[in-house]
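What the coordinates show
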Amino acid sequence: MINKLKPGRMQSTIMAAFSIVSISIMLILGVVMYIRFSVSSRQDIIQSTQKLMEQTGENLEDYLVSMRQISDAVYYNVIKENDFSNRGNDIRRGMNLLYEANRSNLRSIAIYNNYGSLIAAEPIALQKEDPNVTRQGWYEKAISEMENMHFSTPHIQNLFDDNSRRYYWVISLSRVVELSGNGIPSTGVLIVDMDYAGISRMMKKINTLNNGQYFYLCDNSGEIIYHNRQIQISKGISGENSIQVSQYKDGVYEEVFQGERRKVIVSTVSYTGWKLVGIIPYTTFNHGMFDIRYFIVILILLMAMMLAVINRVISEKISSPILKLNESVMEYEAGEKPEIYIGGSMEIIHLGYSIQRSYEQIDALMQKIVLEQTQRRKSELDALQSQINPHFLYNALDSITWMIEGERNDDAVFMISELAKLFRISLSKGRTIISIRDELQHAKSYMNIQKIRYKNSFSIVFETDPAIDTCCTVKLVLQPILENAINYGVDAMDDCGEIKVTGTLQEGIIMLSVTDNGVGMSEEEAELVLTDSNRMHKHGSGVGLVNVNNRIQILFGKEYGLIVQSEPDEGTTVSIRIPAVSYNEENRKKLEKGHIFSSEEMSDRENGQAQGSTEE
């Protein structure tokens, strides 16, 4: 029964379509606007961060330059101008002047000889007992690279004891200097300990944002110089990707660290190789975007309300003639043969005329197409089946002749009986569909004849589930497979060839398999068996498995057919996959007329078996 559309249903459909298109366009525009604002906001945050880092980098460079200048002043104005053997007071006085002028940024200035012994220091303080100077990092770096100045990472000063029992964090600037004593030059190390609090104050000024963004300072090997979570990092509670970041050149990078996606901005501090690093988590970019999202949502809602009214008016104008045309078409489909409605706009009028003419043509064409398709499918099956020419008939007759001549009458009678059974089933009153019981009988008769011809040089075993006997199959599908198993599988074997035929039923699918223990084939050759119809055949009928596969698929559908599995020197298994359709006269006629059975039609298999019968 055909349900007619209500007048409001067509209008609602058109209105819904317009609304969906309108809403989709608005959503796309909203998303584009949001992405545009988001990208712009993201670029603004990155640019502002870069400017802040640039200013901080300049302050750090100024601070470090002043430390270099102090080191240069001590070296060139104090050390190189005085002899340490008789000008000790002048040296201490010069160092004291420089220290007092920069004491807000300094903790100490000291000179050590190449044995690590203290020569002079400012402010005057007692050296701690056995500080092991030559093993400290700043001393080793200065000695290993004499031509450079070296900045250490932050550490507690452990050289001098000022009796205050306080610990000072410092950054040491060390360099190799030339010392003169009694006119004899020697090498030493000048160390200027900068107060770490100066750098800490600079970094704290820019680490005041509460949106997740932060900055830290590391050297060119990834050692942390300043970090707002430095204590947690040193204790292993927190982490930082400083080692990898230290290898980055100046610029903006994207990375995922500890499951968090973020932007990394790197700026190198001159003279030191230090990296000033800015971290911007992606959550920072979303901070402040709420107002933009709210604005876009309100704008979309207002536009949707306006479009709803416009869509209703347009849908009413379009739907009325279409509904009338639809009603006349549905009446025509119900068999009433009314006049097709012709009205409305020019397009709908043209559509009405076209539908009317097409219905007239369809009625005539349907009958013609059905007839042509039926004839075509029958012709295809006849053409494929006609390829099966049992040429072995001549060999079988020859075998019967020499059996009679050799007075082997019992064998000749058996041979003739099996040949009669084989051709009775081959003919099958011209039918294409037979029962699996008959197909198995045909295969057994064929193999009995072949065993006599090959003088029992191989064995054959049939193991099939009786439940499949009353199901349908395409005629003569096992014979070509068995012929290939003999000719290409076990023919070359000396009385040890084995062929096994199995049949199973599982979840509405029948699997008929022929397995031999012959020479087998490679995976590439196995793939060609079902795809290359032009392969040359050394023995047999020349039909090949392509023919069998095509016949099965023509009658049962493309999801069924043959499956070839083989390994060299292991043997070959060819399986036939077909649906479990009960064999009866009705189902046989349907299949031969080209009817493809659905899973629902095959579900009631027991009823089909009760009606089935095997044609003798």
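Quick notes on the rules
Residues numbered from 1 in each chain as written. Predicted model: local features only at pLDDT ≥ 70, side-chain atom pairs only at ≥ 80, totals over all residues. Heavy atoms only, no water. Pairing = 2+ DSSP bridges. Helix = DSSP H or I, 4+ residues; strand = E, 2+ residues; numbered from the N terminus. Axes fitted to C-alpha atoms, helices over the stretch in contact; angles between N-to-C directions. Buried < 20%, exposed > 50% of the residue type's maximum accessible area, 1.4 Å probe, protein only. Lys, Arg positive; Asp, Glu negative; His and termini not counted. Salt bridge = Lys/Arg side-chain N within 4 Å of Asp/Glu carboxyl O. Polar contact = N/O pair within 3.5 Å; in protein donor to acceptor, adjacent residues only side chain to side chain. Contact = heavy atoms within 4.5 Å. pLDDT = per-residue confidence, 0-100. Core = buried A, V, L, I, M, F, W, Y, C linked by side-chain atoms within 4.5 Å. Patch = residues over 30% accessible without salt bridge, like charges linked within 9 Å, V, L, I, M, F, W, Y side chains within 5 Å. Areas by Shrake-Rupley, 256 points an atom, 1.4 Å probe, with all protein chains shown as cover. Charge placed at Lys NZ, Arg CZ, Asp CG, Glu CD. Parallel < 35°, antiparallel > 145°, perpendicular 65-115°, else oblique. Left-handed = near helix turned anticlockwise from the far one by under 90°. Nonpolar A, V, L, I, M, F, W, Y, C, P; charged D, E, K, R; others polar.

What follows is about the sheet that holds strand S13 (residues 275-281). Strand order across the open sheet formed by five strands is S10-S9-S13-S12-S11, with antiparallel pairing between neighbours. Where the open sheet ends on each side, the last strands, each with one partner, are strand S10 (224-226) and strand S11 (251-257). On average, adjacent strands in this sheet sit at an angle of 35° to one another, irrespective of strand direction. Of the pairings in the sheet, the one linking S11 to strand S12 (residues 260-268) comprises seven bridges and is antiparallel in character. Across the sheet, the residue bridging to Tyr253 is Val264, located in S12.

A few words on the side chain of Asp219. Structurally, Asp219 is set in the loop between strand S9 (214-218) and S10. At 5.1 Å, Lys141 is the nearest oppositely charged side chain to Asp219, a buried residue that forms no salt bridge. For Asp219, the side chain forms a polar contact with the main-chain nitrogen of Gly222, separated by 3.0 Å. At 2.8 Å, the side chain of Asp219 forms a polar contact with the backbone nitrogen of Glu223. Among all residues touching Asp219, those that are not within four sequence positions of it are Thr153, Ile225, Ser246, Gly273, Trp274 and Lys275.

Next up on the list: helix H13 (residues 478-490). Along H13, 12 of the 13 residues are buried, which leaves the element largely enclosed by surrounding structure. Buried within H13 we find Leu478, Gln479, Pro480, Ile481, Leu482, Glu483, Asn484, Ala485, Ile486, Asn487, Gly489 and Val490.

As a further point, take the confidence of the model for the chain. For the chain, the average pLDDT comes to 80, and 86% of its residues sit at 70 or higher. For the chain, helix H18 (residues 605-611) is the element with the lowest average pLDDT, namely 46, and strand S18 (residues 509-516) is the one with the highest, namely 94. The low-confidence segment residues 1-5 (pLDDT under 50) makes eight contacts with residues lying over four places distant or belonging to another chain. The model gives residues 538-542 a pLDDT under 50, and that stretch makes 10 contacts with residues more than four places away or in other chains.

A sheet is described by the order of its strands in space; here five strands give the open sequence S15-S17-S18-S20-S19, paired in mixed fashion. Bordering the open sheet on either side are strand S15 (458-464) and strand S19 (561-567), each of which pairs with just one other strand. Taking the axes of each pair of neighbouring strands and ignoring which way they run, one obtains an average angle of 15° across the sheet. Where S19 meets strand S20 (residues 571-579), seven bridges bridge the pair, whose relative direction is antiparallel. Bridging across to S20, Val564 finds its partner in Val574. Against the sheet, helix H12 (residues 436-453) contacts S15, strand S17 (497-506), S18 and S20, and its axis sits at roughly 170° relative to S15.

On to the side chain of Asn207. For Asn207, the position within the fold is in the loop between helix H4 (196-206) and S9. On the basis of relative accessibility, which here comes to 16%, the residue Asn207 falls in the buried class. Of the polar contacts made by the side chain of Asn207, one reaches the backbone nitrogen of Phe215; its length is 2.7 Å. Ignoring any residue separated from it by four or fewer positions in sequence, one finds Asn207 in contact with Tyr214, Phe215, Tyr226 and Asn228.

Pro123 follows Glu122 through a cis peptide bond whose omega is 0°. Positive phi, normally seen in glycine, also occurs at Glu407, with a value near 60°. Looking at the secondary structure, you find Glu407 in the loop between helix H10 (392-405) and helix H11 (409-427). For Glu407, a relative accessible area of 68% gives the class exposed. Residue Glu507 is not a glycine yet carries a positive backbone phi of 55°. In this fold, Glu507 is placed in the loop between S17 and S18.

Our next topic: the environment of Cys471. Summarising the element assignment, Cys471 is placed in the loop between S15 and strand S16 (472-474). The buried category is assigned to Cys471, whose relative accessible area is 0%. Sequence-wise, Cys471 and Ser582 are 111 residues apart; in three dimensions their C-alpha atoms are separated by 4.3 Å.

Note that soluble globular proteins tend to have their nonpolar side chains buried in a common cluster. Membership of the largest hydrophobic core comes to 54 residues, with the highest contact counts inside it found for Leu482, Ile499, Ile552 and Ile576. When residues in this core are grouped by element, the largest group, seven residues, is from H12. Formed by 47 residues, the second largest nonpolar core is a distinct cluster that contains Ile45, Leu60, Tyr75 and Ile79.

Judged by side-chain charge, Glu523, Glu524, Glu525 and Glu527 come together as a negatively charged surface patch. Position of Glu525 among the secondary structure elements: in helix H14 (residues 523-529). A relative accessible area of 37% means that Glu525 is categorised as partly exposed.

Our next topic: the environment of Arg229. Turning to its location among the elements, Arg229 is positioned in the loop between S10 and helix H5 (230-234). Linking Arg229 and Tyr216, residues 13 residues apart in sequence, is a C-alpha distance of 9.3 Å. For Arg229, the residues in contact, after removing those within four places along its chain, are Tyr214, Ser238, Gly239 and Glu240. At a separation of 3.1 Å, a polar atom in the side chain of Arg229 contacts the side chain of Ser238.

Another aspect to go through is the packing of H12 against H13. Orientation of H12 relative to H13, taken along the N-to-C sense of each, is 30°, at an axis distance of 9 Å. In terms of orientation, H12 and H13 fall into the roughly parallel class. Viewed along their axes, H12 and H13 form a crossing whose handedness is right-handed. Only Leu478, Gln479, Leu482, Glu483 and Ile486 of H13 make contact with H12, whose side of the interface consists of Glu439, Leu440, His442, Ala443, Tyr446, Met447 and Gln450. When grouped by side-chain class, the residues that make up the contact of H12 with H13 number seven nonpolar, three polar and two charged.

Running from N to C, H11 and H12 cross one another at 145°; their axes reach a closest spacing of 9 Å. In terms of crossing hand, the pair formed by H11 and H12 is left-handed. Between H11, through Phe414, Met415, Glu418, Leu419, Lys421, Leu422, Ile425 and Ser426, and H12, the contact on the second element is made entirely by Asp438, Gln441, His442, Lys444, Ser445, Tyr446, Asn448, Ile449, Ile452 and Arg453.

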